[in-house]
Amino acid sequence: IVGPNGCGKTNVAEAVRWVLGEQNPRTLRGERAEDIILNGSRERKPLGMAEVSLSISNPSGILPIDYSEVEITRRLFRSGDSEYLLNRTNCRLKDITSLFLDTGIGQSSYSVIESRMIDAVLSDRAEDRRLLLEQAAGITRYKTRRRAAQRKLDTTSQDLLRIGDVIKEVEAKVRSLNYQVGKARRYKRY
C-alpha cells in the first residue's frame, strides 16, 4: 500500500491484520480491544461493534479450502464478545489461523510487512529473524501442530498420573474389603 502520510495506509494494514486474528491491541495502536470500535464523532453516533471482512480470490487453490473466493469476517462487540466467520459461517480463530499457515498470509506473516518488521529482520535478536525465516520457509504449520500435539501429550500424561493415583486408592480399598470379606466368612462359619 503506497500513499502520502495520513491517507490511511496503516488503517488498512491494521484492518487486514485484525481480521486475520491479531489479539494485541497495542499492535493496532490501542490500549484495549474495544478501542477499535467507533466511539462517535460530531457527525456519527457511537457504534456497538466493529466488523472487518476480507475477501480473497482463491482460484488456484493456494488456500486449502474448496472455494474459489474466501471471505473472512471478524466482529468485536462492546461487551467484549468476538466472533469469526469463514464464508459467513461461524468458526474459531484456530480455523482461520490454520487456513493461512504457510501461505504467506497472516496476522504477522511476511506478506504484511511494516517498518518495525524490517527492524526485526535487521535486529540483533536471533529469535526475531528466525520467526520471519520460518514463516518464509513454510514450516510454521508443522511447528504449530507439533506444539498442539505436545500439549495434548502433556495433558494425557497428567491424566494417566491421576488415573494411577485412583487405581492405587481403589486397590487399597479392595484389599481392605477382601480382609473384611474374609472376616465376615469366618464369622458366618463360627
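What comes next concerns the included structure.

## So, a positive patch on the surface
- A cluster of basic side chains, namely K94, R147, R151 and K152, defines a positive patch on the protein surface.
- Here the positive patch takes three residues from helix α5 (residues 140-189), the largest share from any one element.
- Within the secondary structure, K152 is located in helix α5.

## With respect to the environment of P64
- Structurally, the position occupied by P64 is in the loop between β1 (49-57) and β2 (69-77).
- Its relative accessible area of 54% is what places P64 among the exposed residues.
- When residues no more than four places from it in sequence are discounted, the contact partners of P64 are L99 and R141.

## Examining the pattern of salt bridges
- The tally for this structure, following the rule as stated, stands at eight salt bridges.
- Linking E34 and R32 is a salt bridge whose minimum nitrogen-to-oxygen distance equals 3.8 Å.
- A residue is classified by how much of its surface remains accessible, and E34, at 23% relative accessible area, is partly exposed.
- Between R75 and E83 there is a salt bridge, and its shortest N-O distance comes to 2.7 Å.
- Connected through salt bridges with shared partners, the residues R32, E34 and D35 form a single ionic network.

## Examining a nonpolar patch on the surface
- The grouping of L160, I163 and I167 at the surface amounts to a nonpolar patch, some 290 Å² of accessible area in total.
- Looking at where I163 falls in the secondary structure, it is placed in helix α5.
- The partly exposed category is assigned to I163, whose relative accessible area is 45%.

## Here we look at unusual backbone geometry
- The phi dihedral of N87 is positive, around 50°, even though this residue is not glycine.
- Within the fold, N87 resides in the loop between β3 (82-86) and β4 (89-91).
- Although it is not a glycine, R88 adopts a positive phi angle of roughly 65°.
- For R88, a relative accessible area of 67% puts it in the exposed group.

The rules behind these values
- Along every chain, residues carry numbers that run from 1 in the direction the sequence is written.
- Reporting of local features is limited, given that this is a predicted model, to residues whose pLDDT is at least 70; pairs of side-chain atoms are given and counted only at 80 or more, and all residues count toward the totals for whole chains, interfaces and linings.
- Excluding hydrogens and water, the side-chain figures rest on all heavy atoms present in the structure.
- The residues that make up patches have over 30% relative accessible area and no salt bridge, and they are joined within 9 Å when like-charged or within 5 Å when they are Val, Leu, Ile, Met, Phe, Trp or Tyr.
- A 1.4 Å probe and the Shrake-Rupley method give the accessible areas. Residues count as covered only by the protein chains that appear here.
- Each reported salt bridge corresponds to a side-chain nitrogen of Lys or Arg within 4 Å of a carboxyl oxygen of Asp or Glu.
- Counting rule applied: Lys, Arg positive; Asp, Glu negative; His and chain ends not counted.
- A charged residue contributes its charge at one atom only: NZ of Lys, CZ of Arg, CG of Asp or CD of Glu.
- For helices the rule is a DSSP run of H or I covering at least 4 residues; for strands it is a run of E covering at least 2, with both sets numbered from the N terminus onward.
- When a residue's accessible area, from a 1.4 Å probe over protein chains only, is under 20% of the maximum for its type it is buried; when over 50% it is exposed; and in between it is partly exposed.
- Throughout, a residue-residue contact means that at least one pair of heavy atoms, one from each residue, lies within 4.5 Å.

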